[in-house]
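Each chain, letter by letter, is given below.
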Amino acid sequence: MKKIGLSILFCLLFPLGLLAQQQTEYNQKGDEAMKRKAYQDAKIWYEEGVAYCDAYSIDKLTEIWLKNVRMRPSMRSLMNKCLNCLNIRGTEQDTTAMRQLIVYYRHGIGTPASTDLAEYWSDKLEQTRRLVEYAQTSDATLPIDELQTSRQRMKFFIGYNYAVEAPYGLTIGAVGKRLGWYVRFKTNMSFDKHIAECNDQNGGELIDASANEIYYFTGEKKKNSYSLTAGMVVKCTDWLYTSVGVGYGDRTLLYEYNMVNPVTAETQQTGWAKHIDTSYKGVAADWDVMFKLGPIYLSTGCSTVNFKYIDFNAGVGVFF
């Protein structure tokens, strides 16, 4: 009975031994071909290992692809299989596979080049490295998904913001896994002071002007516009974000006028008058939609001061 049991065990283990020998053999044969610089032969041997997602075979095939530009067209399908294996291992927290995935997506090996995916695996590699360090230096008991969420690195961004009435704007902020923040300042770089006020009553007149003063409006107009807002950024998808914020703003409309000497009819004084019916200051608000294209983003939206008028804006910036 004992002999029968040993025979059965031998029959079960013998095929596995042959398979292990075969897997070792194709890498050995591939290495021999590599020493002879017979890259085509080496590719054929290493290709056998791809069926088992053999890490060594994939590593050597990647080396061949990088060294031999002429062989790349014939290796596209094979490298796509390698990429599939690496993606599987990468999702299983294999840091070696993650490093290779960064190279694959950055150089377009087996797939079109993708900066976004290369950046994604760079972030995953960094997260995994931090999690390993965290596990080694603490008594962490949280599930790995919760640890990844809690240690998600925030992405900072900075950009130029343009508005019709305030064309010089700067936006800075950061976004984590789902939420973030931003601060924005914009202005038209006009800070002219006014020495009088006017309105639209009776065709437009200076307020508090005495009856014996003679003046007329030149038709020249200016605006002083600035605002400082801060708010929240929401990550809707990997490429779509939205933001909303509030703060303080000032939008002053100025009319130029000339004071005239009633005797000589000569201009005595030129100044600016604040148009009180179309000038606002107080609560400022922004709403924007952001489109992320790799590290670059484009934005569009609107803003207001005291909810009395709407100004349209756009922006461009970079994540880092």
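Worth saying up front: this structure is predicted, and the values here are computed from it rather than measured.

Q: Describe the state of the cysteines, naming the residues involved and giving the relevant values.
A: For the structure on display, the rule yields one disulfide. Each sulfur of the disulfide joining C53 and C85 lies 2.1 Å from the other. Across the S-S bond of C53 and C85 the torsion is about -75°, and the bridge reads as left-handed. In this pair, C53 is assigned in the loop between α2 (39-50) and α3 (55-67) and C85 in helix α4 (residues 72-91), connecting sequence segments 32 residues apart. In this structure C53 comes out as partly exposed when scored by relative accessible area, which is 27%.

Q: Help me get a handle on the confidence of the model for the chain, residues and values and all.
A: For the chain, the average pLDDT comes to 84, and 84% of its residues sit at 70 or higher. Highest mean pLDDT in the chain belongs to strand β3 (residues 179-187) (97); lowest belongs to helix α7 (residues 144-150) (49). Confidence drops under a pLDDT of 50 for residues 1-23, and excluding neighbours within four residues, the segment shows four contacts in the predicted structure.

Q: Residue-level account of the nonpolar core, with values.
A: Ranked by size, the top nonpolar core spans 29 residues in total, and within it L61, I64, M75, M79, C82 and Y104 carry the most contacts. At the level of elements, α1 (2-35), α2, α3, α4, α5 (95-107) and α6 (115-137) are the ones that each hand at least two residues to this core. By residue number, the principal contributor to this core is α4, which donates seven residues. Residues V175, Y182, M290 and F319 belong to the second largest nonpolar core, which totals eight residues.

Q: Explain the environment of L117 residue by residue, including any values.
A: Tracing the sequence through the fold places L117 in helix α6. Once the C-alpha coordinates of L117 and G294 are considered, the two residues, 177 residues apart in sequence, prove to be 9.1 Å apart.

Q: Please give an account of the pairing of strand β10 (residues 296-305) that cites residues and values.
A: As paired elements, strand β9 (residues 280-293) and β10 share ten bridges and run antiparallel to each other. By the bridge assignment for β10, A284 is matched with V305. The turn linking β9 back onto β10 is made up of two residues, and G294 within it adopts a positive phi angle of 70°. As paired strands, β10 and strand β11 (residues 310-319) are joined by nine bridges and run antiparallel to one another. Considered in β11, the bridge of I296 is made with V318. Between β10 and β11, which pair antiparallel one after the other, the connecting turn spans four residues, and N306 there sits at a positive phi close to 60°.

Rules used throughout
- Residues numbered from 1 in each chain as written.
- Predicted model: local features only at pLDDT ≥ 70, side-chain atom pairs only at ≥ 80, totals over all residues.
- Heavy atoms only, no water.
- Disulfide = S-S within 2.5 Å.
- Helix = DSSP H or I, 4+ residues; strand = E, 2+ residues; numbered from the N terminus.
- Buried < 20%, exposed > 50% of the residue type's maximum accessible area, 1.4 Å probe, protein only.
- pLDDT = per-residue confidence, 0-100.
- Contact = heavy atoms within 4.5 Å.
- Core = buried A, V, L, I, M, F, W, Y, C linked by side-chain atoms within 4.5 Å.
- Pairing = 2+ DSSP bridges.

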